[in-house]
Amino acid sequence: MGDSHSSGRISVHHALGGGYVADVLLWKKWYGGVVLLVSATTLWFLFEQAGYNLLSFVSNVLLLLVVILFLWGKSASLLNRPLPPLPDLQISDKTVVNSADAMRVWVNSGLSIARDVAVGRNLRIFLQVAFVLLVVSYIGSLFNFLTLVYIGILLSLSVPVVYDKYQDYIDEKKRRLSRLPSSSLRL
């Protein structure tokens, strides 16, 4: 940008991890953003509007895959063609250990918070947890879970782009709001 305001500017791409996911969320890899948006919209429409069931969907997709592979294998043996190229379908020990380690961190964090609330009698953490659970419960009563996930995907594809484009303007407005006396912010 070149102006004096951009010297303190935080890169949204870097804040999002700087990899492929950041490129998709900022629409730098527009193909990935389009695929994510179209597939999320299609799945939301299929499950919410068309009334399709997740278990039926997974079962039908797997059935279609098995039928295609079976017919491909039979036709390949009859026509002297190569068999379908299937990879060795195994999960490595390293992948399982890494997943278990990541899950352990989350579970331990949740158990630590539960212990602080129950045994530590920390009123502040208790009120924070209660407030978050009330907000989640209220939002959950307004939306179906799949609709909430779809809204989250739409927001994740739009908010980072808007913030990246108008970061200086948004940060300036935020600074102005933080300088206002607290009595003028009350409604």
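Residues numbered from 1 in each chain as written. Predicted model: local features only at pLDDT ≥ 70, side-chain atom pairs only at ≥ 80, totals over all residues. Heavy atoms only, no water.

Per an unreviewed UniProt entry, the protein is named Reticulon-like protein, and its organism is Acer negundo.

**As for the pattern of salt bridges**
Summed over the entire model, instances satisfying the criterion amount to 3 salt bridges. Taking the shortest distance from any N to any O, the salt bridge between Asp-101 and Arg-104 comes out at 4.0 Å. Here the residue Asp-101 and the residue Arg-104 both occupy positions in helix 5 (residues 93–118), the gap between them amounting to 3 residues, near one helical turn. Classification of Asp-101 by relative accessible area gives partly exposed; the value is 36%. Between Arg-175 and Glu-172 there is a salt bridge, and its shortest N-O distance comes to 3.3 Å. Of the two residues, Arg-175 and Glu-172 are both situated in helix 8 (residues 167–179); the distance of 3 residues between them amounts to about one turn of the helix. Here the salt bridges share partners, and the residues they tie into one network are Glu-172, Arg-175 and Arg-176. (Salt bridge = Lys/Arg side-chain N within 4 Å of Asp/Glu carboxyl O. Helix = DSSP H or I, 4+ residues; strand = E, 2+ residues; numbered from the N terminus. Buried < 20%, exposed > 50% of the residue type's maximum accessible area, 1.4 Å probe, protein only.)

**Remarks on the side chain of Asp-23**
Along the chain, Asp-23 turns up in helix 2 (residues 20–25). Once you skip the residues sitting within four places of it in the chain, Asp-23 turns out to touch His-13, Lys-28 and Lys-29. (Contact = heavy atoms within 4.5 Å.)

**Points about the packing of aromatic side chains**
Counted according to the given criterion, the structure contains 3 aromatic pairs. Judged by centre distance (5.2 Å) and plane angle (15 degrees), the rings of Trp-44 and Tyr-150 are stacked. Taken together, the residues Trp-44 in helix 3 (residues 30–49) and Tyr-150 in helix 7 (residues 145–165) connect sequence positions 106 residues apart. Classification of Trp-44 by relative accessible area gives partly exposed; the value is 21%. (Phe/Tyr/Trp six-rings, centres within 6.5 Å; stacked < 30°, edge-to-face > 60°.)

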